[in-house]
Amino acid sequence: MPQPEQPNSRRAARLAAEASATAPAHRATADRAVASRRRFAFALGRRGVVAVVAVLAVGLIALVVALARPGGESTLPDGTAPAAANPTDAVTLPGGSGAAAGATALPVPAQSGPAAASCDSSAVTSALASGSDADVIAAFGGGAAFRATVAAGAAPCIDLGDPHRVWIVVDKRRPLNPVDFEPAEVVAPANIQRTVDGRLQPPAAEALTALVAAAADEGAGAIGLNSAYRSYASQTRTYNGYVNSLGRAEADRQSARPGYSEHQTGLATDVAACDGGCGAIESFGGTRQGAWTAANAWRFGFIIRYEDGYTAVTGYQAEPWHLRYVGVELAKAYHEGGFHTLEDFFGLPAAPDY
Ligand SMILES: [Zn+2]
């Protein structure tokens with residue numbers, strides 16, 4: 001989580017104060033003490049030496065303790081105590097959980113400047129009331145700040161289970177609520193080949209159209225839409241079909257149970273490479289379209305929801321064809337933060353099974 005840097009002058013002043021309060025200062029003080037001791041020893045004779053050395057030793061210890069105390073540095077120009085500034089270092093961990101643990105002294109990014117807000121902020125409150133997910137994320141200070149605040153458990157006004165919001169997280173431990181949720185509107189993305197059928201919530205549909213156009217413009221070839229929104233009823237039919245032919249265990253490996261599918265949000269889509277005809281979604285990962293999408297989907301607000309190597313967290317085998325729309329701000333934070341699962345991104349528990 002990026003933290004605003006301290007102004008250079010303040011930082012320099014703090015460093016200078018720290019430097020003068022540590023080893024060199026102690027050494028200089030000790031050198032002077034030794035010189036004093038020699039002068040006193042000459043004047044007082046051997047019996048006096050013992051007493052003077054004892055007194056000086058006690059004095060030295062008191063001096064060292066006084067210099068080592070944080071309060072000893074209260075001469076900084078702005079009165080900033082380094083003890084309060086240093087926890088910033090503990091908040092630079094990439095993940096959410098570590099940052100939360102290290103930030104106990106800070107109520108999350110409570111820095112000055114254009115940093116993150118909290119649920120108490122009037123900007124956040126009014127953005128939530130407006131219904132604009134993008135405005136809410138902006139009010140928190142952008143995608144990375146929004147994520148960090150939510151992952152730290154410091155955003156009680158953000159419900160990761162609200163299917164009306166772009167930050168909804170659906171997995172095998174987080175069914176849709178209500179379980180038969182239907183998005184208010186789903187539309188067919190324009191200018192895209194379809195192998196079956198597919199409608200998405202309007203922002204996701206527009207984003208997919210832009211992604212497909214960019215892939216073609218940038219030489220990655222044609223991408224087609226295989227599947228997108230699936231209702232609770234259609235997911236029930238699909239899942240039951242798998243159960244009837246393969247048994248429940250195998251059905252669970254290949255298909256989400258009704259109410260647990262991201263497709264029901266209207267924010268997820270399966271895509272295929274369409275060189276000539278469109279291929280199967282299962283072969284998308286090995287195509288140039290698949291490689292381009294893995295590298296560039298975030299630019300259009302999508303993440304690859306089920307990556308190779310993260311089945312223990314997501315509960316699904318790799319599905320390089322399954323794109324989940326989270327909006328550009330969150331997708332950018334996901335990409336730049338090096339995240340691979342939405343669970344990690346928001347500090348949620350792994351969901352390997354139901
Ligand atoms: Zn899918």
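What you are looking at is a predicted structure, and each value in this text was computed from that prediction instead of being measured.

A.B. asks: When you look at the nonpolar core in this model, what are you seeing that I'm missing?
C.D. replies: The tendency in soluble globular proteins is for nonpolar side chains to be buried as a group. If you look at the biggest cluster of nonpolar residues, it comprises 63 residues, and the most contacted ones within it are L208 and F302. The dominant element in this core, judged by the number of residues it contributes, is helix α9 (residues 202-217), at seven residues. When residues no more than four places from it in sequence are discounted, the contact partners of L208 are P189, I192, L200, L225 and T269.

A.B. asks: What is the right way to look at the pairing of strand β2 (residues 268-275) in this model?
C.D. replies: Regular strands place their side chains on alternate faces of the sheet. Counting buried residues in β2 gives seven out of eight residues, a clear majority hidden from the surface. Here strand β1 (residues 223-227) runs beside β2; their pairing, made up of four bridges, is antiparallel. Bridge pairing in β2 places S227 opposite D270. Bridging between β2 and strand β5 (residues 319-325) involves three bridges; their strand directions are antiparallel. Looking across to β5, one finds that D270 is bridged to H322. The pairing of β2 with strand β3 (residues 277-278) spans two bridges and is classified as antiparallel. From the neighbouring strand, C274 faces β3, where its bridge partner is C278. Connecting β2 to the next strand, β3, in antiparallel fashion are one residue, including G276 with a positive phi near 75 degrees.

A.B. asks: I'm lost on helix α8 (residues 143-151) in this one. Help?
C.D. replies: The buried count for α8 comes to nine of nine residues, which makes it a mostly enclosed element. Buried residues of α8: G143, A144, A145, F146, R147, A148, T149, V150 and A151, and no others. Downstream of α8 by a residue or two, G153 has a phi angle that is positive, lying close to 75 degrees.

Criteria and cut-off values
Residues numbered from 1 in each chain as written. Predicted model: local features only at pLDDT ≥ 70, side-chain atom pairs only at ≥ 80, totals over all residues. Core = buried A, V, L, I, M, F, W, Y, C linked by C-beta atoms within 7 Å. Buried ≥ 20, exposed ≤ 12 C-beta atoms within 10 Å, placed from the backbone. Helix = DSSP H or I, 4+ residues; strand = E, 2+ residues; numbered from the N terminus. Contact = placed C-beta atoms within 7 Å. Pairing = 2+ DSSP bridges.

These results come straight from atomic positions and should not be treated as a statement about function.
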